[in-house]
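# Examining the three-dimensional arrangement
Listed below are the residues making up each chain.
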Protein chains: 2
Amino acid sequence: MPNTRRDFLRYVGIAGGAGVMYGTMSAMGLAPAAAETPAYTAPNAGDLRGRGRKSVAVLGGGIAGLTAAYELGKAGYKVTVLEARNRPGGRNWTVRGGTSETDLKGISQTAKFTKGEYMNAGPGRIPQHHVTLDYCRELGVAIEPFVNQNADAYLYREGSTALSNTAVRHRAAKADVYGYVSELLAKATDQGSLDGYLTAADKEALMSFLSSFGAIGPKVSGDAAASYKYTGTGRRGYEVEPGAGLEAGTPLPPYPLSDVLASGVGNYFSFEFGWDQAMMMFQPVGGMDRIPYAFEKAIGLDKIKYGAKVLDLRNTPAGVEVAYTNPGGQSKVLEADFAICALPPHIAAKVPGNLSAEAVAALAYAQPADAGKIGIEYSRRWWELDHRIYGGITNTTTGLGNMWYPSSGFHGERGTMIGYYNTGASARTYGAMKPAGRLASALEKGAQIHGPVYGQDVASSFSVDWKNVEHSEGAWVGWPSQTDDSYKRLLEPEGNIYFAGDHLSHAIAWQHGAMVSARASVTALHSRVMAA
Amino acid sequence: MPNTRRDFLRYVGIAGGAGVMYGTMSAMGLAPAAAETPAYTAPNAGDLRGRGRKSVAVLGGGIAGLTAAYELGKAGYKVTVLEARNRPGGRNWTVRGGTSETDLKGISQTAKFTKGEYMNAGPGRIPQHHVTLDYCRELGVAIEPFVNQNADAYLYREGSTALSNTAVRHRAAKADVYGYVSELLAKATDQGSLDGYLTAADKEALMSFLSSFGAIGPKVSGDAAASYKYTGTGRRGYEVEPGAGLEAGTPLPPYPLSDVLASGVGNYFSFEFGWDQAMMMFQPVGGMDRIPYAFEKAIGLDKIKYGAKVLDLRNTPAGVEVAYTNPGGQSKVLEADFAICALPPHIAAKVPGNLSAEAVAALAYAQPADAGKIGIEYSRRWWELDHRIYGGITNTTTGLGNMWYPSSGFHGERGTMIGYYNTGASARTYGAMKPAGRLASALEKGAQIHGPVYGQDVASSFSVDWKNVEHSEGAWVGWPSQTDDSYKRLLEPEGNIYFAGDHLSHAIAWQHGAMVSARASVTALHSRVMAA
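What this report covers is the structure whose coordinates are included nearby. (Residues numbered from 1 in each chain as written. Chains lettered and ligands numbered in written order. Predicted model: local features only at pLDDT ≥ 70, side-chain atom pairs only at ≥ 80, totals over all residues. Heavy atoms only, no water.)

### Digging into the overall build of chain A
Keep this limit in mind: Every helix listed is a DSSP run of H or I at least four residues long, and every strand listed is a run of E at least two residues long, numbered separately from the N terminus. Note that the radius of gyration is over C-alpha atoms, with the globule rule given as 2.2 Å times the number of residues to the power 0.38. Here the term buried applies to any residue with accessible area under 20% of the maximum for its type, exposed to any over 50%, and partly exposed to those in between, with areas from a 1.4 Å probe on protein chains only. Accessible areas in this description were obtained via Shrake-Rupley with a 1.4 Å probe; residue shielding takes into account the shown protein chains only.
The helix and strand tally for chain A stands at 14 helices and 26 strands. For a compact globule of 532 residues, the expected C-alpha radius of gyration is about 24 Å, and chain A comes in at 27 Å, within 12% of that figure. A principal-axis box enclosing the C-alpha atoms of chain A has dimensions of 85 × 60 × 45 Å. A buried classification covers 61% of the 532 residues belonging to chain A. Carbon and sulfur atoms make up 53% of the accessible area of chain A, which totals about 18600 Å².

What follows is the structure in structure tokens.
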């Protein structure tokens, strides 16, 4: 293991609880490191010695199933993964040239992306603190930055305000909102409105901060309205950029206060400093599916049955029995000591067998969410050439949701945008269209933001409507509650059957959630084996 | 040219001024692209036909000199670059294993960095809107993101406040400052303190923004103090992270309002949305000097004389005469029609010749600035393994200034940090030390922030004190004024001698500034030739 220090900390964490772990870290001088990813101690390879080789059937070769199979396999368990698709990863799905898919409505697409181009139809980004990165390190999956924030990307809000239906650069929106917020708070502070909450020292420090943060002007003696004015700043961008000689630059003028507030452009900002979204973010080089393929290699291809759709799942006195079809359409039965059911819950709920009615009801309690994505390959990187945007996200209310400029291939000949990543009603609207209609609409709405260039040099596209993707039937799930008995029931095994998936975590829709859930099930299963 | 559309826009810009250009862009639907980098039309290869081949001596093979030589060379000028060093780039200097340097105080260092490791001793980052990226594209220099912002890097302020001498994660500082600022402004707005500045609609929109931006609580009827409270948020980080099953996460508690304000942590934030510093930022793959070496190749190695120190520069009736030493120590003379002097101004001021006293005074008017950097190679990427920091900047008042975690080699075996990038008094303090002392101090102060791990696994280091680097004698220059006659004088040629460099731009200390200044001189020189 490359990191014995970290392992030691995890060991301490397991043995003594988080309090002991952080105390130990502090004593080691690592206090600032603060939060660790959830503690986990993998079963040891030698643990099963003298206990016989235990077998585990893993249902579903998505990230949860692969993580479980990998961790169990390292410890000497005999694992068999049953995966209905012909590839690993589940919703971790990278579409490349040649990828073919027929959805549940019978819509078939074959991607024509040029070699080297791809779209991550499912998860696309990894925060620094997710265990997903630890698996990338452990499995040798190369990573590169994912551009989750770009000052030169746009915000585009539909409506009838002065800034509606206009592409506003993030940097301009931010500078103006921060400028006006600083002006207002400086005025209120200076006029004594907040004296009940601030000491004189607080006020002085606050005014110093606001001056820097908002690029606001100074106090104008005897003129409160003219004091601390925000009148624009080069931070927001230039009409004429600073250049050679005497060209000091002409900043673009700020939008008026009322227009900025009415537009709602500021309501996107908190995304950029969210726990799971703040930069830095990462992606595997070459496509997100490098992760499941690395798992496949580490687990062993012989341990994974593709094209294996689960027909029946049942506890038996000896363990579990799983009936499935093989790719030839024949029905097979797999017997094992245990099963880990890592299917989406709403899919698992439909599998016949002898799960209790309560367990089935708990699985069916999950609410699948809609999400859609379209990948649009261009033969010219106009976003770099014409807009000087190198990666990042343009956010819009037009139904496209989020538009991702590619985070790799900078300065290359071509590139693939995520033309929309939308959810809810927008995802349903696009999902109801045929692929050609989705593209046409995406190009039309994208051109509102980017100009006619958006419709030019389009080389190919591929779109995914997750609600209608076979074996997934949704992008992720939500729960009416994650504290009630129904949810809790799935955290315990039913007989010899354990459940795992991002849906059984507080990192739903992240691979991290699938991984930590799988680890929790592995830990529970292994503890039971060791206690037997 | 890969981008005829862009060239067309530039042409329009040249012909009709910026207003015409933006009007044209708007008509083309490109309005949102807004600011273009300074318009520039390169001389055409055919322009000199019938005029004889003009020769230009370029003094200095830094970025300005290389840009000028490249642009002139493309147009058919006979260029000769005289460079005192044995490499191109000037302050664009990448130190690798084997790099040897003796500074003006006689301190010698030879870098022992492992193959593949390097430090950019000079410029290290490129914003999206700089022409530096255009040259990277044109010259085939591969680029990758430079991590200029990382929510998990630290802010460390010395002092006697509650948060002093503590490593505070950027994300925690940001969430707390934004939380309290939002609470205060919401309170002031709700109590009517800003009614003179805000309409009812403004107020409603502002309150909606503050709720999202600050993660603040709701109004508590009849209790102004309890209303809109900021009580912490998961955005700032967790004591126990959200995980599997029932683990919803325990956010770290916020720092108290007065402590946050007194600490000054918020005063760093505006850096992250500055015109030249906001993400995305880039760096060449493998080291910043990929740019000058690409220029060298494009210009032609035969056109560049290394080890050529300028001894004398003078206008002659026929053109210019430049005396220089060759690497063998012999004195040589180069005659040419024109010269572009792209030496640092304070160095150029010391070159004998027949420049007017006014020109020499103008050159000497530049004030060289101090800056220092140390590269510290580690054989273990502890910042990723122990602190979960993948690139970015820790900012500190300890004298280290800015500490850069590497933006490449993620998950590799080793990596090279910039242990300090400091300026002014801090740079002078470190510059006064010997390299071993600089390292010892950097390690001691770095450990205050990162714990003892900072002193472990150190493989090698190399430090640069720019004030004492031969041929540079400073990191960049400042001017008492960039609007007075002294500065303006250098924007005009003196006889057949033109001046160029980032010091003659409003992007001082950026390669962009050197490039646009060089382009301006090339344009002026070429216009003169064409008008003759």
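### Description of the packing of aromatic side chains
Centre distance and the angle of the planes are the two values used to describe a pair of aromatic rings. To keep things clear, this is the line we draw: Between the rings of Phe, Tyr and Trp (Trp by its six-membered ring), a pair exists once the centres lie within 6.5 Å; its type follows the angle of the planes, with under 30 degrees stacked, over 60 edge-to-face, and the other angles tilted.
Taken as a whole and judged by the stated rule, the model has 59 aromatic pairs over all chains. A ring pair is formed by Phe282 of chain A and Tyr390 of chain B, whose centres lie 5.2 Å apart and whose planes are at 55°; its orientation type is tilted. Linking Phe282 of chain A in strand E13 (residues 281-284) with Tyr390 of chain B in the loop between helix H10 (382-385) and strand E21 (392-396), this pair reaches from one chain into another. Among the residues examined, Tyr390 of chain B registers a relative accessible area of 0% and is labelled buried. When the centroid spacing of 5.3 Å and the interplanar angle of 50° are considered together, the rings of Tyr135 of chain B and Phe295 of chain B count as tilted. Placement of Tyr135 of chain B in helix H3 (residues 131-139) and of Phe295 of chain B in helix H7 (residues 290-299) is noted, with a sequence separation of 160 residues between them. Of the two residues examined, Tyr135 of chain B and Phe295 of chain B, each falls in the buried class.

### Here's the deal with the pattern of salt bridges
Spelled out, the test is: In the sections that follow, a salt bridge refers to a side-chain nitrogen of Lys or Arg positioned within 4 Å of a carboxyl oxygen of Asp or Glu.
Across all of its chains, the model carries 44 salt bridges over all chains by this definition. For Glu138 of chain A, the salt bridge identified is with Lys74 of chain A, shortest N-O distance 2.8 Å. Taken together, the residues span a long stretch of sequence, with Glu138 of chain A in helix H3 (residues 131-139) and Lys74 of chain A in helix H2 (residues 63-74) at a distance of 64 residues. Among the residues examined, Glu138 of chain A registers a relative accessible area of 35% and is labelled partly exposed. For Lys74 of chain A, a relative accessible area of 34% translates into the label partly exposed. Between Arg388 of chain A and Asp134 of chain B there is a salt bridge whose closest N-O contact spans 3.2 Å. With one member in each of two chains, Arg388 of chain A in the loop between helix H10 (382-385) and strand E21 (392-396) and Asp134 of chain B in helix H3 form a pair that bridges those chains. Like Asp134 of chain B, Arg388 of chain A is buried.

### Brief notes about the interface of chain B and chain A
Here is the rule: Residue contacts follow a heavy-atom distance rule, with two residues in contact if any of their heavy atoms lie within 4.5 Å. By convention, the term buried area covers the 1.4 Å-probe accessible surface removed from two parts as they join, with the contributions of both added. Here a polar contact is taken to be a pair of N or O atoms separated by no more than 3.5 Å, where protein atoms must pair a possible hydrogen donor with a possible acceptor and residues adjacent in sequence count only if both atoms sit in side chains.
Counting residues at the interface gives 113 residues for chain B, matched by 113 residues for chain A. In this assembly, chain B packs against chain A so that about 9600 Å² is buried in total across both faces, 61% of it on carbon and sulfur atoms. Counting the contacts that link chain B with chain A gives 2 salt bridges. At the junction of chain B with chain A, the criterion picks out 36 residue pairs in polar contact (both at pLDDT 80 or more). Broken down by element, the residue count for the side of chain B that touches chain A peaks at 9 residues, all from helix H4 (residues 170-190) of chain B.

### Quick notes on the pairing of E21 of chain A
Residues and elements named next belong to chain A. This is how the line gets drawn: Think of it this way: DSSP has to see at least two bridges between two strands before they count as a pair.
By the criterion of burial, E21 is predominantly enclosed, with 5 of the 5 residues buried. Every second residue of E21 is oriented toward a common face, with Gly392, Thr394 and Thr396 on one face and Ile393 and Asn395 on the other, all of them buried. Bridging between strand E9 (residues 154-156) and E21 involves 2 bridges; their strand directions are parallel. When the bridges of E21 are listed, Tyr156 appears paired with Thr396. Here E21 pairs with strand E22 (residues 402-405) via 4 bridges, running antiparallel. Note that in E22 the partner of Ile393 across the bridge is Trp404.

### Brief notes about the side chain of Arg137 of chain A
As for its position among the elements, Arg137 of chain A is in helix H3. Reaching out from Arg137 of chain A, the side chain makes a polar contact with the side chain of Tyr390 of chain B at a distance of 3.1 Å.

### Focus on helix H12 (residues 435-450) of chain B
Cut-off, in case you're wondering: One less than the number of residues in a helix, times 1.5 Å, gives the span that helix is expected to have.
Compared with an ideal rise of 1.5 Å per residue, which puts 16 residues at 22 Å, H12 of chain B spans 22 Å between its outermost C-alpha atoms and is within 8% of the ideal. Just downstream of H12 of chain B lies Gly451 of chain B, where phi reads positive at about 85°.

### Overview of the sheet that holds strand E15 (residues 309-316) of chain B
All names here are of chain B. This is how it is decided: Note on geometry: axes are lines fitted to C-alpha atoms, helical ones only across the stretch in contact, with angles between N-to-C directions running from 0 to 180 degrees.
Strand order in the open sheet made by the 3 strands is E15-E16-E17, with antiparallel pairing throughout. Where the open sheet ends on each side, the last strands, each with one partner, are E15 and strand E17 (331-336). Neighbour to neighbour, the strand axes of the sheet diverge by 20° on average, direction disregarded. In this sheet, strand E16 (residues 319-325) lies alongside E15 in antiparallel orientation, the contact comprising 7 bridges. Residue pairing in the sheet places Thr316 in a bridge with Gly319 of E16.

### As for the relation of the copies chain B and chain A
We apply this condition: When the copies are superposed, the least-squares fit draws on C-alpha atoms of residues that have pLDDT of at least 70 in both.
Between chain B and chain A, the superposition needs a rotation of 180° and an axial shift of 0.0 Å, giving an RMSD of 0.0 Å. Viewed as a symmetry operation, the transformation between the two copies matches a two-fold axis. Within chain B, Leu185 of chain B has its C-alpha nearest the rotation axis, a separation of 2.8 Å. Both copies share a contact surface, since 100% of the interface residues of chain B are interface residues in chain A too.

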